[in-house]
Amino acid sequence: MLSLNLQSHIRGICPLAAVPFQEDGSVDYAQFERLIRSFLTTGVNGIGLFGVVSEFYKLTDAEKTELARRMLKQMEGSDVYSLISVTDHATEIAVQRAREFQEMGAKCLMVLPPHFMNPSADQLLQHLEAVAEAATIPLIIQYAPNETGVSISPEVLVQIAQKYPHVLYKIECTDPAAYSKQLLAMKPDLSIMNGYWGIHLLDLLHIGGVGVMPGFSCCELYVEIYRRYHAQDYAGARALHSRLASYFLRWNTGIERVIAMEKEILRRRGVLETACCRHPGYTLTQNDFTEIDAFLKDFRSDLPPMSR
C-alpha cells in the first residue's frame with residue numbers, strides 16, 4: 001500500500017541530474033557520484049535521474065541501471081527523496097523498468113509517455129495505467145507535448161489520477177499554469193510540479209503547484225526562490241526568479257544547448273571536470289560562453305563553488 005505521507009513529501013525543488021561523460025564519450029561514474037553528493041548539500045528536496053537533461057536517450061540500458069544504482073547508493077540515509085524516470089517506449093519494458101527501479105530503492109518514479117510512431121490515445125492511456133499499476137511508490141506522469149509531440153487532454157490525466165491516487169504530474173507545456181488550472185478545477189487535491197527550468201515556477205505555485213524539477217547547474221537559486229515564496233516574501237521571490245528566468249528564456253532555443261550550457265556552468269563551479277555531451281549534441285559558441293560569464297557574475301554571491 002502506498003504511503004500517503006511519503007507522497008506528500010514529493011514536492012519542493014528536485015533537480016534532474018546531468019550524466020557526465022569523458023572526452024571519449026564514456027560515462028564518468030566518479031564525476032556522477034560527486035554531482036549527487038554536491039546536490040545533497042544545496043537544500044534540495046529531491047534528486048531526479050533520466051530527465052531529458054540527463055540525456056537519457058543517449059544511454060544504454062546497462063548504463064541506466066548502473067547510474068541508478070550509484071545515485072541511490074549516494075543517497076542512502078538522506079531525507080532527500082530519489083526520483084527515477086521510466087522512459088521506455090514499449091509498455092512491457094516500461095513496467096519491467098518501473099519494478100526494477102522500485103526494487104533498487106527509488107522513492108518516486110516518473111514516466112514519460114511513449115511518443116515514437118504516434119501511439120493512439122487508447123495506447124497512451126494503456127501505457128500510463130500499466131506503469132501506474134506496477135508502481136507501489138509515488139509516480140509522476142510527465143506531460144511535455146512540445147518535446148514528445150504527444151497531446152493528452154486534462155480529462156484523461158484526471159481520470160488516471162482518480163483511479164491511481166499515488167499519481168502526480170509534471171506539467172511543462174507552453175502554458176503550464178493554464179493547463180494545470182484545468183486539472184485542479186477537476187481534482188483540487190492533485191499534486192503538480194513544473195519543469196522547463198522553472199520559467200513558470202511562480203505561476204504554478206500561485207495556483208497550487210507543489211514544486212519544480214529544474215536542471216542541474218544552479219539549484220540553490222530555486223531553493224531560495226521556493227523558500228522566499230513560502231515565507232511570503234513574494235516580492236523577493238519574484239525579483240530573484242525574474243533574474244534567473246531571463247537567462248533560461250534566452251538560452252532555451254534548444255534543449256541540447258541548455259544541457260551543454262548547464263554542464264559548463266557546473267564545470268566552472270568545480271563539480272564536473274569535463275562538460276562533455278554525447279553526440280549528436282550542441283557545440284557551445286563564443287556567445288554562449290559570454291552568456292555563461294554574465295550568468296556566473298550576476299549570481300556570484302548566490303552560487304559559490306559547489307562541494308564535492
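Scroll up to find the structure.
Keep in mind that this is a model prediction, so the values were computed, not measured.

Trainee: For the pairing of strand β6 (residues 167-171), give the residues involved together with the corresponding values.
Mentor: Extensive coverage of β6 is indicated by the burial of five of its five residues. The alternating pattern of β6 places Val167, Tyr169 and Ile171 on one face and Leu168 and Lys170 on the opposite face, and all of these are buried. Sheet topology places strand β5 (residues 139-143) next to β6; five bridges connect them, and they run parallel. Paired with tyrosine 143 across the strands is isoleucine 171, a residue of β6. Two strands pair when backbone bridges link them, and β6 and strand β7 (residues 192-194) are joined in this way by three bridges, in the parallel orientation. When the sheet's bridge partners are listed, isoleucine 171 is paired in β7 with asparagine 194. Handedness of the crossover is the feature at issue here: the chain leaves β6, passes through helix α8 (residues 176-186), returns alongside β7, and the resulting connection is right-handed.

Trainee: So what's going on with the environment of glutamate 63? Which residues, and what values?
Mentor: Looking at the element boundaries, glutamate 63 is found in helix α3 (residues 61-74). For the pair glutamate 63 and serine 26, spaced 37 residues apart in sequence, the C-alpha separation works out to 9.8 Å.

Trainee: Which residues make up the side chain of asparagine 194, and what values go with them?
Mentor: Tracing the sequence through the fold places asparagine 194 in strand β7. At 3.4 Å, the side chain of asparagine 194 forms a polar contact with the backbone nitrogen of leucine 201.

Trainee: Could you give an account of the pairing of strand β3 (residues 81-86), naming the residues involved and the relevant values?
Mentor: Among the six residues in β3, six count as buried, and that is most of the element. The two faces of β3 match: Tyr81, Leu83 and Ser85 on one face and Ser82, Ile84 and Val86 on the other face are all buried. Note: strand β2 (residues 46-49) against β3, four bridges, orientation parallel. Its bridge partner being in β3, isoleucine 47 is matched across the sheet by serine 82. Each parallel crossover has a hand, and the one from β2 via α3 to β3 is right-handed.

Trainee: With reference to specific residues and values, describe the pattern of salt bridges.
Mentor: Considering all chains together, one arrives at 25 salt bridges under this definition. With a closest N to O distance of 3.0 Å, glutamate 33 and arginine 70 form a salt bridge. Residue glutamate 33 is found in helix α2 (residues 29-39), and its partner arginine 70 is found in helix α3; the two are separated by 37 residues along the sequence. According to the relative accessible area criterion, glutamate 33 is buried, its value standing at 18%. Lysine 58 is the salt-bridge partner of glutamate 256, the closest N and O atoms lying 3.2 Å from each other. Here the residue glutamate 256 occupies a position in helix α12 (residues 255-268), and lysine 58 occupies one in the loop between β2 and α3, the gap between them amounting to 198 residues. Because the salt bridges share partners, they merge into one network encompassing Glu33, Glu66, Arg69 and Arg70.

Trainee: Break down unusual backbone geometry for me, citing the residues and quoting the values.
Mentor: Of all residues except glycine, most have a negative phi; of all peptide bonds, most are trans. Following histidine 279, the chain continues to proline 280 via a peptide bond in cis, the omega torsion being 0°. Relative to the elements of secondary structure, proline 280 occurs in the loop between α12 and α13 (286-298). Here glutamate 55, not a glycine, exhibits a phi torsion of approximately 55°, which is positive. Relative to the assigned elements, glutamate 55 resides in the loop between β2 and α3. The phi dihedral of tryptophan 197 falls on the positive side, at around 60°, and the residue is not glycine.

Trainee: Lay out α12 in plain terms, naming residues and giving numbers.
Mentor: Helix length check: α12 (14 residues) gives 20 Å between terminal C-alpha atoms against 20 Å at 1.5 Å per residue, within 8%. When you tally the buried positions in α12, you get ten out of 14 residues, the bulk of the element. For α12, the set of buried residues is Arg257, Val258, Ile259, Ala260, Met261, Glu262, Lys263, Glu264, Ile265 and Leu266. Here the buried face of α12 lies against α2, α11 (234-251) and α13. Phi for glycine 270, located one or two positions after α12, is positive at around 95°.

Trainee: Now, about the side chain of threonine 274: what can you tell me, with residues and values included?
Mentor: Looking at the element boundaries, threonine 274 is found in the loop between α12 and α13. Taking relative accessible area as the criterion, threonine 274 reaches 17% and is therefore assigned buried. Separated by 2.7 Å, the side chain of threonine 274 and the backbone oxygen of phenylalanine 21 make a polar contact. Side chain to side chain, threonine 274 and glutamine 31 meet in a polar contact 3.3 Å long.

Rules and cut-offs
- Residues numbered from 1 in each chain as written.
- Predicted model: local features only at pLDDT ≥ 70, side-chain atom pairs only at ≥ 80, totals over all residues.
- Heavy atoms only, no water.
- Buried < 20%, exposed > 50% of the residue type's maximum accessible area, 1.4 Å probe, protein only.
- Helix = DSSP H or I, 4+ residues; strand = E, 2+ residues; numbered from the N terminus.
- Pairing = 2+ DSSP bridges.
- Right-handed = clockwise from strand over helix to strand, strands pointing away.
- Polar contact = N/O pair within 3.5 Å; in protein donor to acceptor, adjacent residues only side chain to side chain.
- Salt bridge = Lys/Arg side-chain N within 4 Å of Asp/Glu carboxyl O.
- Expected span 1.5 Å × (residues − 1).
- Contact = heavy atoms within 4.5 Å.

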